[in-house]
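# Descriptive structure summary
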Amino acid sequence: RHAIWVLLYDHILAGHSGESTRSFRIFRMISMSSTILGVVVTILCTNQTMTDLEHTRPFILYLVDASLSVFFATELGLRIFAVGPHFFLYFASWCSILSLLATCASLNPFMRNGYFNPRPDHHESGFWKNASYEIVVPLRLLRLFCLDEYLNSVAILKTIFYLMWSRLMRSGYALAVIWLWHATLLHLLNKDDPTDGVS
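Now for a look at the structure at hand. (Residues numbered from 1 in each chain as written. Predicted model: local features only at pLDDT ≥ 70, side-chain atom pairs only at ≥ 80, totals over all residues. Heavy atoms only, no water.)

## Considerations on the packing of helix α2 (residues 22-45) against helix α4 (residues 60-83)
Running from amino to carboxyl end, α2 crosses α4 at an angle of 140°, the nearest separation of the two axes being 10 Å. As judged from the angle between their axes, α2 and α4 are oblique. Of the two elements, α2 crosses α4, and the hand of that crossing is left-handed. Contacts from Phe-27, Ile-30, Ser-31, Ser-34, Thr-35, Leu-37, Gly-38, Val-41, Leu-44 and Cys-45 in α2 reach Leu-61, Val-64, Asp-65, Leu-68, Phe-71, Phe-72, Glu-75 and Arg-79 in α4. Taken together, the residues of the contact of α2 with α4 sort by class into 11 nonpolar, four polar and three charged. (Axes fitted to C-alpha atoms, helices over the stretch in contact; angles between N-to-C directions. Helix = DSSP H or I, 4+ residues; strand = E, 2+ residues; numbered from the N terminus. Parallel < 35°, antiparallel > 145°, perpendicular 65-115°, else oblique. Left-handed = near helix turned anticlockwise from the far one by under 90°. Contact = heavy atoms within 4.5 Å. Nonpolar A, V, L, I, M, F, W, Y, C, P; charged D, E, K, R; others polar.)

## A closer look at the pattern of salt bridges
Should the charged atoms of two oppositely charged side chains come close, the side chains can pair. If you walk through the whole model with that rule in mind, you get three salt bridges. Notably, a salt bridge pairs Arg-112 with Asp-65, separated by 3.0 Å at the nearest N-O pair. A residue pair is termed long-range when its members are at least 10 positions apart, and Arg-112 in helix α6 (residues 112-116) and Asp-65 in helix α4 qualify at 47 residues. On the basis of relative accessible area, Arg-112 is assigned to the buried category, the value being 7%. For Glu-75, the salt bridge goes to Arg-79, with nearest N and O atoms at 3.0 Å. In this pair, Glu-75 and Arg-79 both sit in helix α4, four residues apart, roughly one turn of the helix. We classify Glu-75 as buried; its relative accessible area is 6%. For Arg-79, a relative accessible area of 4% corresponds to the buried category. (Salt bridge = Lys/Arg side-chain N within 4 Å of Asp/Glu carboxyl O. Buried < 20%, exposed > 50% of the residue type's maximum accessible area, 1.4 Å probe, protein only.)

Here it is, written out as structure tokens:
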């Protein structure tokens, strides 16, 4: 268990003691590359031209998706084994789980095109079925938050919010007031414009 923990989380120790292990750096490179590749595949699959191309040629994107799903499932299992029940307390962990479930759901060949390119007739098939079509792509993109396992950006943001919460609250209030004022003014000035195209 310690060897797996070092493979996945050695950068935490390296922050205090120096250089991380070579196996960790290789695994980090593979994991980050796979995450970015998964996002690229998601973007390509939402393009109707690529989806049509996938029907006429070998399922390259499908095979890449299936391979990434196997890797992400293995990585998830190793992280759960290394950390234990505490794994489920972290935001990035739930992003990883939800993203993996969405990726596995989109591997269904009969539903794949509908998930990536929802058609207007899907809106007539009921709320839950429509929601399942609309939510798969955003859930797949949650994989990007898993990069925080290596970048620690959420921890940095949490520290900033903790140290500057009063200033952020004041500036957030000012931003909301200015935005509401500007949106209201824009609506009042444009509501009777016949060239606006919005009724």
